[in-house]
Structures are given as C-alpha cells and as structure tokens.
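Structure at a glance
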Amino acid sequence: MLIDFFFTLKDAKVPVSIKEFLVLLEALDQQVIEPSMDDFYFLSRTTLVKDEANFDKFDKAFGAYFHGVDTLFEKNPEIPLDWLMKRLQRELTPEQKAAIEKFGYDKLMDRLKQLLEEQKKRHEGGNKWIGTGGTSPFGNSGQNPEGVRIGGEGGNRSAVKVWDQRAYRDYDSDRELGIRNIKVALRRLRKFAREGAEEELALDDTIRATANNAGWLDLKMQPERKNKVKVLMLLDVGGSMDDHIARVEELFSAAKTEFKNMEFFYFHNCVYETLWKHNRRRHAERFSTWEVIRKYPPDTKLIFVGDATMSPYEVVQPGGSVEHHNEEAGAVWLQRFVHQFPKFVWLNPEPEGLWQYRQSIAIIKQLMGNRMYPVTMDGLERAMQMLSK
C-alpha cells in the first residue's frame with residue numbers, strides 16, 4: 001500500500017527518496033504514532049518532505065491517495081449559479097453602486113471604532129452595522145466601494161483594511177516553465193567576469209601559445225567565468241496576487257535559474273517597514289526593510305513583482321496597510337528603495353489593458369518613474385534593457 005503512496009508523491013514531483021521512505025517505514029514499525037490518519041499525515045510529512053516549499057504538493061498527493069479528493073467531483077461539474085451565491089449577497093446596478101457613499105480613510109476608521117462600541121449583535125444585509133451582505137462598509141460579502149473587510153472572503157477588492165488571519169504560500173521555485181522564452185528574456189541581463197584561481201583551460205590562448213612554440217603543447221589557464229549580476233527581487237504575495245500565481249511562479253523559477261546572485265523577499269500589496277522570506281513564518285520571522293536596503297550594494301538590480309492593485313491609501317497614507325498600522329506610507333518606502341538602487345523596474349502580471357482602471361497602479365507607476373512593465377515577452381525584454389543601461 002505505502003509503495004503506491006511513495007510513487008504518488010514522486011508523480012506529484014515531491015522530491016522524496018528511498019532513504020526517507022525507509023525511515024517512515026521504520027517509524028511505523030517502532031509504533032511511534034497512534035493508529036490514526038492524522039498522526040500518519042504529520043509523521044509522513046515530517047519524514048518525507050525536506051523543504052516546506054513542497055508542503056502544498058505533498059498535501060495534494062496525500063489527499064488524492066488516501067481520501068480520493070480528485071475523484072469526489074467531476075472536472076467541470078455543472079453547478080447551478082444560485083448554489084454558489086452567498087446568502088443575502090446583493091447584485092447592484094452601476095447606478096446603485098455609484099450612489100453608495102465613500103467615507104474617506106480617517107472617517108472610515110472613526111466610524112468603525114464607534115460601531116465596535118455600539119453594536120451588540122450580528123447583522124445581515126444592512127447599510128450601517130458590521131455584518132454580511134448589504135452595502136455597509138464594514139463586514140464581508142456585500143457591496144461598497146471602500147470598506148473594512150471583517151472575516152469572510154473578499155470579492156470586490158475594495159477593502160482598505162482586512163481584519164482576518166490570512167495564510168499565504170511561497171512561490172514554487174522548482175516549477176517547470178511552460179515557456180522557455182522567459183529564461184531567454186531574463187538572460188539579457190547577465191554579465192560575466194573572470195575571477196578567482198586559474199583553473200579553467202583557456203582554449204584559444206593554448207592553441208595560440210602551442211603554435212608559437214613550434215607545436216609543443218603550452219597549456220594556458222584562466223579563471224572561471226561567473227555571473228556578476230546581483231539581483232534583489234521583492235515579490236507581492238496573497239490577496240489579488242492569487243490570480244497570478246502560475247505566471248509569477250514561472251518568472252520566479254526562471255530568475256532563480258538565471259541569476260546566481262539573487263536574493264528575494266515577500267511583501268503584501270506594498271512594501272513597509274518589514275519583509276519576510278517564508279510565508280508560513282511571516283508573523284514570527286521578519287526582516288527590517290531598513291536593513292535590507294542597507295545590506296545590498298547600490299549596483300544591485302532591484303525587481304519588484306506585483307499587480308499594484310490595492311486601495312490607494314495603502315500607498316499614500318500612514319496606517320493605510322490592510323494588515324497592520326504602518327507608521328510611514330508605502331510611498332516613502334518605495335522612494336527609499338529606488339533611491340538606494342538606481343537600476344530598478346516593476347513587473348506587473350496584471351494585463352496591461354486593465355492598468356488604466358486601477359488608481360493604485362497609476363500611483364505606483366508614477367513613483368517608479370514609469371518603469372512598470374507587464375509580465376509578457378515584450379515587457380520582460382524592455383525591463384531587462386532598462387536594467388542593463
């Protein structure tokens with residue numbers, strides 16, 4: 001039975017080895033866990049998965065093998081649309097949406113504080129209290145051009161604050177690329193230099209020296225050619241970026257292959273005072289943005305990757321972050337980055353035709369000196385040319 005499980009993991013591209021599989025079997029033989037599926041899940045994940053970046057692959061393979069997750073539903077089931085509609089969620093006309101008042105950031109926060117003191121019970125479908133559905137700017141599953149999402153899932157992407165515990169996953173750097181051209185475009189940024197000990201055969205010099213030596217072999221050595229480009233990549237993750245996971249993983253995987261001197265950090269929506277390297281530990285393990293800015297030399301190539309789609313307050317307003325209270329506006333931190341690293345670009349996976357409808361994209365594009373490029377072949381080509389100047 002477990003042999004088939006082992007091959008299921010291999011098919012899911014989880015890099016599991018025979019040695020690790022034998023460790024799992026030995027642990028089961030020693031009865032280190034109770035006979036329960038939950039305990040076996042944690043034991044097998046601990047013994048078989050070496051890198052937490054592969055947890056998602058493992059979970060899918062485990063679910064498919066032991067619970068038949070893939071076989072429970074049809075690939076393209078015909079589900080009636082009304083089954084998917086949330087209870088009391090309203091469909092408003094454009095005229096009704098335009099009539100809903102925007103509070104403005106400061107007034108919105110003051111109003112929320114007042115409601116938290118006054119409200120005593122759950123509400124649905126209204127336009128005032130914290131609840132679900134309706135047109136109130138507080139709650140979830142409703143319609144409002146500018147609000148605070150509390151619980152539930154976002155739909156209209158108009159929230160200026162989010163009160164919810166959200167989990168993001170790391171981009172997979174081992175993803176197989178669907179299009180090799182991404183690597184080709186990024187390769188234009190590479191610059192090579194020879195350094196270190198002379199341990200590589202210099203073929204042209206050897207031929208020339210041997211010919212000059214009347215045919216007697218005269219070996220010439222040279223240092224190895226190394227990629228000297230240093231890249232700092234800052235990746236937006238979570239929220240609206242979930243729509244672009246596949247494309248960003250392709251880009252991230254290609255960059256990890258092409259740039260040997262590359263460091264990366266994650267942020268959500270806009271950069272603030274801290275960044276992180278692992279999304280599962282983003283609350284416990286943070287890096288000071290000031291330290292990141294100071295750590296890398298000015299000739300480092302800076303690449304932002306994000307859809308720049310958020311509330312404008314998140315860029316221009318202190319305290320505008322959806323997840324915490326930021327003392328300084330995101331625009332201040334963006335300006336610090338571009339001042340420290342003159343060679344910078346912003347890669348945006350959002351289709352370029354939609355940029356004109358996003359106020360936040362216009363703001364960030366202006367802060368980037370119009371160095372914002374789509375994640376397309378032409379966009380990547382232009383971005384690499386800009387970084388190479």
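Above this note sits the structure.
A brief look at the structure comes next. (Residues numbered from 1 in each chain as written. Predicted model: local features only at pLDDT ≥ 70, side-chain atom pairs only at ≥ 80, totals over all residues. Heavy atoms only, no water.)

Let's talk about helix α11 (residues 245–258)
Given 3.6 residues per turn, any residue in an α-helix points the same way as the ones three and four places further on. Put simply, the rule reads: Runs of E in the DSSP output that reach at least two residues are strands. Runs of H or I that reach at least four are helices, and both are numbered from the N terminus. Helix span is expected to be 1.5 Å times the residue number reduced by one. When a residue's accessible area, from a 1.4 Å probe over protein chains only, is under 20% of the maximum for its type it is buried; when over 50% it is exposed; and in between it is partly exposed.
Under the 1.5 Å per step criterion, the end-to-end length of α11 is 20 Å for 14 residues, consistent within 8% with the ideal 20 Å. Every buried residue of α11 is accounted for by V248, E249, E250, L251, F252, S253, A254, A255 and E258.

Focus: the pattern of salt bridges
Stated precisely, the cut-off is as follows: A side-chain nitrogen of Lys or Arg and a carboxyl oxygen of Asp or Glu constitute a salt bridge if their distance falls within 4 Å.
Taken as a whole and judged by the stated rule, the model has twelve salt bridges. When the shortest N-O distance is used, the salt bridge between D378 and R382 registers 3.0 Å. Placement of the pair is D378 and R382 together in helix α16 (residues 377–388), with a separation of four residues, close to one helical turn.

Description of the pairing of strand β13 (residues 344–348)
As a reminder of what qualifies: In this scheme, strands are said to pair when DSSP sees at least two bridges between them.
Judged by how many residues are buried, β13 sits mostly within the fold: five of five residues are covered. Of the two faces of β13, the one holding F344, W346 and N348 and the one holding V345 and L347 are both buried throughout. In terms of strand pairing, strand β12 (residues 301–305) meets β13 through four bridges, oriented parallel. The residue of β13 that forms the bridge with F304 is W346.

Focus: the nonpolar core
What counts here: Buried Ala, Val, Leu, Ile, Met, Phe, Trp, Tyr and Cys residues form a nonpolar core when they are joined through side-chain atoms within 4.5 Å. Residues are treated as being in contact if the distance between any of their heavy atoms lies within 4.5 Å.
Membership of the largest hydrophobic core comes to 30 residues, with the highest contact counts inside it found for L232, L234, V271, F304, F337, W346 and I364. Counting only elements with at least two residues in this core, the list comes to β8 (230–236), β9 (261–267), α12 (289–295), β12, α14 (330–340), β13 and α15 (359–367). Examining the composition of this core, we find that five residues originate from one element, α14, more than from any other. In contact with W346, not counting residues within four places along its chain, are F267, F304, G306, A308, L334, I364, M368, R371, M372 and Y373. Core analysis: the next-biggest nonpolar cluster, separate from the first, contains 29 residues, I182, L235, A383 and M384 among them.

Details of the packing of aromatic side chains
Note on aromatic pairs: each is described by the distance of the centres and the angle between the planes. The criterion, for reference: The criterion for an aromatic pair is that two Phe, Tyr or Trp rings (for Trp, the six-membered ring) have centres within 6.5 Å, with stacked assigned to planes under 30 degrees apart, edge-to-face to planes over 60 apart and tilted to the rest. Lysine and arginine charges are scored as sitting over a ring when NZ or CZ, respectively, is within 6 Å of the ring centre and within 35 degrees of the ring normal.
Overall, the coordinates contain 19 aromatic pairs when judged by the stated rule. Aromatic side chains Y41 and F62 sit 5.2 Å apart centroid to centroid with 75 degrees between the ring planes, which places their arrangement in the edge-to-face category. Here the residue Y41 occupies a position in helix α3 (residues 37–48), and F62 occupies one in helix α4 (residues 55–66), the gap between them amounting to 21 residues. Cluster of aromatic residues (ring-pair linked, three or more members): F5, F40, Y41, F42, F58, F62 and Y65. Over the ring of F265 we find K277; its NZ or CZ atom is 5.0 Å from the centre of that ring. Lying across the ring of W276, R282 places its NZ or CZ 5.8 Å from the centre.

Describing the sheet that holds β8
We count it as follows: Here the axes come from fitting lines to C-alpha atoms, over the contacting stretch only for helices, and the angles between their N-to-C directions go from 0 to 180 degrees.
Ordered by their spatial adjacency, five strands build an open sheet running β9-β8-β12-β13-β14, and the pairing between neighbours is parallel. Two strands in the sheet have a free side with no partner beyond their single neighbour: β9 and β14 (372–374). The mean inter-strand angle of the sheet, taken between neighbouring strand axes irrespective of direction, is 25 degrees. Sheet contacts for α11: β8, β9, β12 and β13; angle to β9, the most-contacted strand, approximately 150 degrees.

As for α16
Spelled out, the test is: In this description, the arc belongs to the directions extending from the helix axis to the C-beta atoms.
Between the first and last C-alpha of α16 there are 16 Å, a value that for twelve residues agrees with the 16 Å anticipated at 1.5 Å per step. Taken residue by residue, α16 has G379, L380, A383, M384, M386 and L387 as its buried positions. Along the axis of α16, the buried residues cluster in a sector spanning 155 degrees; they form a single face.

Overview of the packing of helix α2 (residues 18–29) against α3
To keep it simple, the criterion reads: For any pair of crossing helices, the crossing counts as left-handed if the nearer helix is rotated counterclockwise from the farther one by less than a right angle, and right-handed if it is rotated clockwise. In this count, Pro and Cys sit with the nonpolar residues alongside Ala, Val, Leu, Ile, Met, Phe, Trp and Tyr, while Asp, Glu, Lys and Arg are called charged and the others, Gly among them, polar.
Here α2 crosses α3 at 145 degrees, and the two axes come no closer than 8 Å. Pair α2 / α3 crosses with right-handed handedness. Here α2 contributes E20, F21, V23, L24, A27 and L28 to the contact with α3, which in turn contributes F40, L43, S44, T47 and L48. Here the residues of the contact of α2 with α3 sort into eight nonpolar, two polar and one charged.

Looking at the packing of helix α1 (residues 2–11) against α3
For the record, the criterion: Angular relationships are summarised with four words: roughly parallel below 35 degrees, roughly antiparallel beyond 145, roughly perpendicular across 65 to 115, and oblique for the angles in between.
It is the contact of α1 with α3, at a shortest axis distance of 13 Å, that shows an interaxial angle of 55 degrees. Taken together, the axis directions place α1 and α3 in an arrangement best described as oblique. Where α1 crosses over α3, the handedness of that crossing is right-handed. Contact residues: α1 offers L2, F5 and L9, while α3 offers F40, S44 and L48. Residue composition of the contact of α1 with α3, by class: five nonpolar, one polar and no charged.

Looking at unusual backbone geometry
Outside of glycine, negative phi angles account for most residues, and trans bonds account for most peptide bonds. Even without being glycine, Q31 reaches a positive phi, approximately 55 degrees. The class of Q31 is exposed, set by a relative accessible area of 66%. With phi around 55 degrees, A308 is a residue other than glycine that occupies positive phi space. Of note, A308 is situated in the loop between β12 and α13 (313–316).

Section: the pairing of β8
Put simply, the test is: Call a crossover right-handed when, viewed with both strands pointing away from you, the route from the first strand across the helix to the second goes clockwise.
Among the seven residues that make up β8, six are buried, leaving the element largely enclosed by the rest of the structure. Relative to β9, β8 runs parallel, the two sharing seven bridges. The residue bridging L234 from the neighbouring strand is F265, located in β9. Taking the sense of rotation as the criterion, the β-α-β connection linking β8, α11 and β9 turns out right-handed. Across five bridges, the pairing between β8 and β12 is parallel. Bridging from a neighbouring strand, L235 pairs with V305 of β12.

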